[in-house]
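The primary structure of each chain is shown beneath.
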Amino acid sequence: PTHRLAIHLGECVIDWDWVEDGERIQIITKVPCDGVHHREVYYETNFPADQDALYPGEELLNEFARDECYREFEPFVGRTYEESELDLLFTVPPEREFLDSSARYRGITCFVVAPDGQELTGTARRSAR
């Protein structure tokens, strides 16, 4: 089972990822944004779907998330995505959570990251990086 770490707007995380005994281990830890981190949440939204909607598919969810995160990148960073040294990542709900009768999770989370998994120090908000 997947455990969702509640990460919200303005929060930052460090990702540790390694393989041990042939199994991929991933640990995500919330840290203050003024220190060293890998990702910063800069936008959150929900995929627009009725509670009883069918799963739209990963491709459509990714397209929606990419468009939303791209649109909100410049207002957050203070520089266009194309001119920025930073990159963006996003998460979309997996099918199981999208359809789960008790949760119906539709959340999209947008992250600003440094290229090639480098570390960031300090918030990217209005950094014009």
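Let me sum up the structure you'll find in this document.

Right, let's talk about unusual backbone geometry for a bit. Peptide bonds are trans in most cases, and residues, glycine excluded, mostly fall at negative phi. Phi angles above zero are rare outside glycine, and R126 is one such case at about 55 degrees. With respect to the helices, strands and loops of the structure, R126 is situated in the segment after β7 (120-121). Located in the positive-phi region is A128, a residue other than glycine, with phi close to 55 degrees. Within the secondary structure, A128 is located in the segment after β7.

A few words on the state of the cysteines. The tally for this structure, following the rule as stated, stands at two disulfides. At a sulfur-sulfur separation of 2.0 Å, the disulfide partner of C12 is C33. Negative torsions about the S-S bond denote left-handed disulfides, and the value of about 105 degrees found for C12 with C33 makes this one right-handed. Here C12 is found in strand β1 (residues 12-20), whereas its partner C33 is found in the loop between β2 (23-31) and β3 (36-37), with 21 residues between them in sequence. Exposure class is identical for C12 and C33. Each is buried. When the bonded cysteines of the protein are numbered from the N-terminus onward, they pair as 1-2, 3-4.

The subject of this paragraph is the sheet that holds strand β5 (residues 87-91). On the basis of which strands lie adjacent, the open sheet formed by five strands has the order β2-β1-β4-β6-β5 and antiparallel pairing. Every other strand in the sheet has two partners, leaving β2 and β5 as the edge strands with one partner each. Here the strands of the sheet are splayed against their neighbours by 35 degrees on average, with no regard to which way each runs. Where β1 meets β2, nine bridges bridge the pair, whose relative direction is antiparallel. Looking at the pairing, W16 lines up with I27 of β2. Those strands touched by helix α1 (residues 58-77) are β4 (39-46), β5 and β6 (107-113), and its axis lies near 125 degrees from that of β4.

Conventions adopted
- Residues numbered from 1 in each chain as written.
- Predicted model: local features only at pLDDT ≥ 70, side-chain atom pairs only at ≥ 80, totals over all residues.
- Heavy atoms only, no water.
- Helix = DSSP H or I, 4+ residues; strand = E, 2+ residues; numbered from the N terminus.
- Disulfide = S-S within 2.5 Å.
- Buried < 20%, exposed > 50% of the residue type's maximum accessible area, 1.4 Å probe, protein only.
- Pairing = 2+ DSSP bridges.
- Axes fitted to C-alpha atoms, helices over the stretch in contact; angles between N-to-C directions.
- Contact = heavy atoms within 4.5 Å.

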